[in-house]
Amino acid sequence: MKQTFFQKLIITLIAWTAAVVIFFPIFWMLLSGFKTEIDAIAAPPLLVFEPTLENYEAAQQRANYMSSAANSVFISVGATLLALAFSIPAAYAMAFFPTRRTRGTLLWMLSTKMLPPVGVLVPVYILYRDLGLLDTRIGLIIIYALMNLPIVVWLLYTFFKDVPKDILEAGRMDGARPRQELFYLLMPLALPGMASTALLSIILCWNEAFWSLNLTTSDASPLTAFIASFSAPEGLFWAKLSAASTMAIAPILIFGWLSQRQLVRGLTFGAVK
Amino acid sequence: MATVSLRDICKSFADLEVVKGINLEIEDRSFVVFVGPSGCGKSTLLRLIAGLEEITSGDLLIDGQRVNDVSADKRGLAMVFQSYALYPHMTVADNMSFSLRLAGIDKAGRNQKVIDAARILQLESLLQRKPKELSGGQRQRVAIGRAIVRNPKVFLFDEPLSNLDAGLRVQMRIEIARLHESLNATMIYVTHDQVEAMTLADKIVVLRGGAIEQVGTPLELYRRPRNLFVAAFIGSPSMNLLPAHVKAMSESVVTVALPGAVELDVPVESNNLKPDDSITLGVRPEHLHLSDQGQLRGEVIVVERLGSETYLYVQIDGGKRVTIETRGDNPAQIHDSVAVQIDGRHCHLFDASGEAI
């Protein structure tokens, strides 16, 4: 169907409006980070102001950005690797040796994502306290891996299902044991899908705030906790908070930007054939 | 030496029985083709032999050894898949040597075997390419090459030519026939294409609904089909089948009445026939002729000219349509009224249950 000029205009307008609405808070945060505290809370809001870098300096002094960033990287990557280590064999089994209960198992795994995390906060907190995992990076890695496990299994399952069964059977005729089948055939073939799954998992871990705020205090605090530390009892410091937030999301934003093609390709893989 | 014996092989998926008690002996170095319509269980039967599916009951013997519980790779078989199933991330050489690598054969040994197989299949110049850079026919040859390097006792082919276009299919068919000759191996081949079956096989196994309908050489099946199904399935264009009934019979001749009050003597043993029994008369298109003395009268409705021969589709009085094979230069035109000569000596009779008389 050929679109008229008017239809195109409407669609373009809607797309731009949506993009602006989504982007505006990020833009405002970026802007506020360069304002003084006074300018940041000015009413009506200021669009033109004298930019300053003092908030970035203050944010650095007040909390250790580098150690939080290092924690974020370490925890996100660690949790993703841990989740993959469990999910790859699970998805392999479910994709290629399905039983009557496979579908149900998958749905059940996904349904656990619908449980509000706060519902299990107390038991998890007590468990972590007793196991000495509070405020440790390994503690966060475990909880993040568990948190992402259902999504990672689901995604890998769909990617694995797209690998032709014949190829694995040919491998079996050639003498491949299940482990060899996994490492020599399935994983290389599903690599684009596995990469986008890993990217998504890293992003989800990076942005996670609930567990990091509740289970860490200082040593293992990732960037989400770093940001939260700026809403202090003495009051909100909007400009400093914005500067800290900008620093916190910058790495993942750049990472996401660089990998967006891979991400989109992976997530729509199989859907558009 | 590689014989394959199937003893009462059954396979069920949940409650559905797809292979029903198959008994078959496959001799050493023979070329056996499983043929039948889709869903007849031919591919499942091949996968049972390959070890890709578990046998529900019965015994599978390779060289006299029961292999039901032996894993696919230990049965000494190699399989060529319909989709080729090449490893897309590996080069042609790596595809072919994958099984050797898994078996722990050193690099020099692997290379030698790959080069030997590549020479047989004229793949030498393609060894460093990836499958996606190959044409359909080349991919098929790589799939066969992958089977050859394993030096298997038995080659299994699962509809290997059905993804190729018509011209290439004929060419690959000839290559496979030559390969069977030169490798001197036992081959089991699955196809739904009866032309492939007729041209390649030493022995054809016709399957329907998970059971064997008939086993025999191509000409045995063509000349003496055991029942209506085989009669209609083997041969292209297929056999003409006309409803008829028994008029009279003697010891070695049955007189049948065809539609249009035509009577015909067919030299078969009458067995358990009685007068007035309903039967089916079968006659191949090449055994029908246009002739002024022809018993069947009708109108030409379609003319297919293939060059060397011409097929006439004739609507005969009484309602049935028959196919007649004539010479390429036959002048018949659509809507011509014709008389068709039918010779009882070339006719097959099938009783009411479809069994050949």
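Note that the structure is predicted; figures quoted are calculated from it, not measured.

Draft legend 1. Quick look at the packing of helix H4 (residues 65-96) of chain A against helix H7 (residues 137-161) of chain A. Residue and element names in this part refer to chain A. Close contact between H4 and H7 brings their axes to 6 Å; oriented N to C, the two are set at 40°. Compared by their axis directions, H4 and H7 come out oblique. Between H4 and H7 lies a crossing of right-handed hand. Of the residues contributing to the contact of H4 with H7, the split by class is 23 nonpolar, four polar and two charged.

Draft legend 2. Just the interface of chain A and chain B, in detail. Tallying the contact residues gives 14 residues for chain A and 16 residues for chain B. Those elements giving two or more residues to the side of chain A that touches chain B turn out to be helix H8 (165-173) and helix H9 (178-189) of chain A.

Draft legend 3. Local environment of the sheet that holds strand S15 (residues 288-290) of chain B. Residues and elements named next belong to chain B. The strand order S15-S19-S16-S17-S18 describes an open sheet built from five strands, whose pairing is antiparallel. Taken across any chain shown, the strands that pair with only one partner, and hence form the sheet edges, are S15 and strand S18 (321-327). Neighbour-to-neighbour, the strand axes of this sheet turn through a mean angle of 45°, independent of strand direction.

Draft legend 4. Examining helix H2 (residues 92-102) of chain B more closely. All names here are of chain B. A large share of H2 lies buried, amounting to eight of its 11 residues. Among all positions of H2, only Val92, Ala93, Asn95, Met96, Ser97, Phe98, Ser99 and Leu100 are buried. Buried residues belonging to H2 abut helix H3 (107-121) and helix H4 (136-149).

Draft legend 5. How the structure looks around the confidence of the model for chain A. Scored by pLDDT, chain A comes out at a mean of 86, with 94% of its residues at no less than 70. Across chain A, the secondary-structure element scoring lowest on mean pLDDT is helix H14 (residues 260-268) of chain A, at 67, and the one scoring highest is helix H6 (residues 121-131) of chain A, at 94.

Draft legend 6. Structural detail: the domain arrangement of chain B. Residue and element names in this part refer to chain B. Split into domains, chain B comes out as domain 1 (4-233) and domain 2 (243-350). For domain 1 and domain 2, the distance between their C-alpha centroids amounts to 39 Å. Contacts between the two partners involve four residues from domain 1, matched on the other side by four residues from domain 2. Class assignment of the residues belonging to the side of domain 1 that touches domain 2 gives a composition of three nonpolar, one polar and no charged.

Draft legend 7. The arrangement of the nonpolar core in detail. Within the largest apolar cluster, 144 residues are counted, with the highest numbers of intra-cluster contacts made by Leu156(A), Phe160(A), Val33(B), Leu156(B) and Val256(B). Here this core takes 14 residues from H7(A), the largest share from any one element. Both domain 1 (4-233) and domain 2 (243-350) of chain B contribute no fewer than three residues apiece to this core. Setting aside chain neighbours within four positions, we find Val256(B) in contact with Ala244(B), His245(B), Val246(B), Lys247(B), Leu264(B), Val266(B), Ile279(B), Leu281(B) and Leu349(B). Of all hydrophobic cores here, the second largest spans 14 residues; its members include Ile227(A), Phe230(A), Phe237(A) and Leu241(A).

Draft legend 8. Broad picture of unusual backbone geometry. All names here are of chain B. The linkage connecting Ser236 with the following residue, Pro237, adopts the cis geometry, with an omega of -5°. Although it is not a glycine, Gln122 sits at a positive phi angle of roughly 55°. Residue classification places Gln122 among the exposed residues on the basis of 12 C-beta atoms within 10 Å. Not every positive phi belongs to a glycine, and Asn151 is a case in point at roughly 50°.

The rules we used
- Every chain begins its residue count from 1, and numbering advances along the sequence as written.
- Chain letters start at A and ligand numbers start at 1, both assigned in the order the entries are written.
- Since the coordinates come from a predicted model, pLDDT governs what is reported: local features require at least 70, and pairs of side-chain atoms require 80 or more to be given and counted, while whole-chain, interface and lining totals use all residues.
- In this description, a line fitted to the C-alpha atoms serves as the axis of each element, helices being fitted only across the stretch in contact, and the angle between N-to-C directions of two axes falls anywhere from 0 to 180 degrees.
- Here a helix means four or more residues in a row that DSSP labels H or I, a strand means two or more in a row labelled E, and each is numbered from the N terminus.
- Here the angle decides the label: under 35 degrees means roughly parallel, over 145 means roughly antiparallel, 65 to 115 means roughly perpendicular, and every other value means oblique.
- In this scheme the crossing of two helices becomes right-handed for a clockwise turn of the near helix relative to the far one and left-handed for an anticlockwise turn of less than a right angle.
- For this classification, the nonpolar set comprises Ala, Val, Leu, Ile, Met, Phe, Trp, Tyr, Cys and Pro, the charged set comprises Asp, Glu, Lys and Arg, and every other residue, Gly included, is treated as polar.
- Remark: residues whose backbone-derived C-beta atoms lie within 7 Å of one another are considered to be in contact.
- Here a strand pair is declared whenever DSSP counts at least two bridges between the two strands.
- Put plainly, a residue is buried at 20 or more neighbouring C-beta atoms within 10 Å of its own, exposed at 12 or fewer, and partly exposed in between, counting only other residues' C-beta atoms, which are placed from the backbone.
- Residue-level confidence of the predictor is summarised by pLDDT, bounded by 0 at the bottom and 100 at the top.
- Domain segmentation is taken from an automatic or database assignment of domains.
- A set of buried residues drawn from Ala, Val, Leu, Ile, Met, Phe, Trp, Tyr and Cys, joined through C-beta atoms within 7 Å, is what defines a nonpolar core.

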